Amino acid sequence: MKAIKIASGVAIGALAAAISAQSFAMGHEGGAESTVTFSGDLRVQTVIDLENERQTHQMPGFGNTLGADEDWYNFNADTHVTHGPFSGKLRIGIHEDQVQGGNDANVTVRDLRVDEGPISFGQIGRITDSAGIYEDLTDETDIIGEDEGTRVGVDAAFRYTLADFGLRVQAEGNEGHPFGFAAAIHQDLGVAEVWADAQFRQAPDAPTGMQDAETTFGAAVKVTPIDMLSLTAVVRNSSEALRDDTSYAAKAEVNVTDTISVYGLIADPALDADDTTVMKVGASLGFAPITVSGSYESLVAEAGEGLVIAKVAYAQDAIDAYGEVKYNMEGFQGAPDAGMRFELGAGYTTDSGIKYQAVYANSDENYWDGADVNSVTLRAQYSF
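In this report, the structure presented in the accompanying data block is examined.

What counts, and where the lines are drawn
Residues numbered from 1 in each chain as written. Predicted model: local features only at pLDDT ≥ 70, side-chain atom pairs only at ≥ 80, totals over all residues. Heavy atoms only, no water. Helix = DSSP H or I, 4+ residues; strand = E, 2+ residues; numbered from the N terminus. Contact = heavy atoms within 4.5 Å. Polar contact = N/O pair within 3.5 Å; in protein donor to acceptor, adjacent residues only side chain to side chain. Buried < 20%, exposed > 50% of the residue type's maximum accessible area, 1.4 Å probe, protein only. Salt bridge = Lys/Arg side-chain N within 4 Å of Asp/Glu carboxyl O.

Examined against the element boundaries, Gln187 turns out to sit in strand 10 (residues 177-188). Distance from Gln187 to Phe165, taken between C-alpha atoms, is 7.6 Å for residues 22 residues apart in sequence. Filtering out sequence-adjacent residues up to four positions away, Gln187 remains in contact with Phe165, Gly166, Ala192, Glu193 and Val194. A polar atom in the side chain of Gln187 sits 2.4 Å from the backbone oxygen of Phe165.

See the structure below:
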């Protein structure tokens, strides 16, 4: 991936126009098919910090507070180009994948790939679907969060696909790990879907390049025996070079009616370690335009020291609002005392698509993540 910084807004516009013109010229002269899509948003946000008696503007997504004149904005324009089996993307962005500060633009070339029949190569990504399923399930928990530690990234690869068998194999690599390979299979059996995959990445610093290699293995299944019930389970194993452990997650969800559902989730990021298994149960009830949901989460070894979450949401026409309370019991994740956090939010969307929103947040010093918050956030945003 190549990044170029451009300081002038005029240069950005000129470059975008030149790229678009060249893309369409390619379509007439060389048989390429080109499309240009634009997306972006403009947002300003004021945070009134009642706890510390200050008012600031903040840049969403960067975490640090800027000066009062540093309202946040973001714009990006994508140019998608195809030419025969080749496709790629050129993106011009402002505050796109950048660190905080400055008004520089950057230009990135990404998703360069060739696809023809069963062969693909370039920036085609990973094939370890079981890792994605595991990460999605753990992301539903507050204790674990999205766990990406069971997979190895892929910068470029050469892939061969046997579509009739749901089989993919590829040679792959990323920065610091120049060579490896992966294989994956996916079968849809009607009542059940099954995934299995493996990754191998040679160790670049080993004398032969093969010692202490990184490996991952994974398997997942999703079963829907009846319309109202779905069961998902996944297990992942990582080599010593990653974290030398087995991870798993499983979820059962029952749709009692069209508006009522209950679920149970259990996950463990390190099966070989003690007291790392997390459980979560929850339910959701819809009474349009109101939805009520709640959940309870804790370590299995400390089932009486959990996190309780309750939320009420309203959405109808241009108005949306919510109220959410999180209560951690004494001892949850080491909290010395019980603590609470709650949020109240409301928003209004105009006919033209402008979203105005206000959120009040409050958490005491005993809340388990250490937050001590008392703030009002006001924001306006337009996306296109």
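What follows is about the side chain of Asp245. Examined against the element boundaries, Asp245 turns out to sit in strand 14 (residues 245-255). A relative accessible area of 9% means that Asp245 is categorised as buried. There is a polar contact of 3.3 Å between the side chain of Asp245 and the backbone nitrogen of Leu271. In contact with Asp245, not counting residues within four places along its chain, are Arg236, Asn237, Ser238, Ala270, Leu271, Asp272 and Ala273.

Before going further, it helps to spend a moment on the pattern of salt bridges. Should their charged atoms come close, side chains of opposite charge can pair. Under the criterion given, the structure shown has 12 salt bridges. Residues Asp129 and Arg168 are paired through a salt bridge, measuring 2.7 Å at the closest nitrogen-oxygen approach. Separated by 39 residues along the polypeptide, Asp129 in helix 2 (residues 129-138) and Arg168 in strand 9 (residues 167-174) bring together distant segments of the chain. For Arg168, a relative accessible area of 18% translates into the label buried. Notably, a salt bridge pairs Lys326 with Asp142, separated by 3.5 Å at the nearest N-O pair. One end of the pair, Lys326, is in strand 19 (residues 319-328); the other, Asp142, is in the loop between helix 2 and strand 8 (156-162), and 184 residues separate them in sequence. Among the charged side chains, a network of salt bridges with common partners joins Arg126, Glu135, Glu148 and Arg151.

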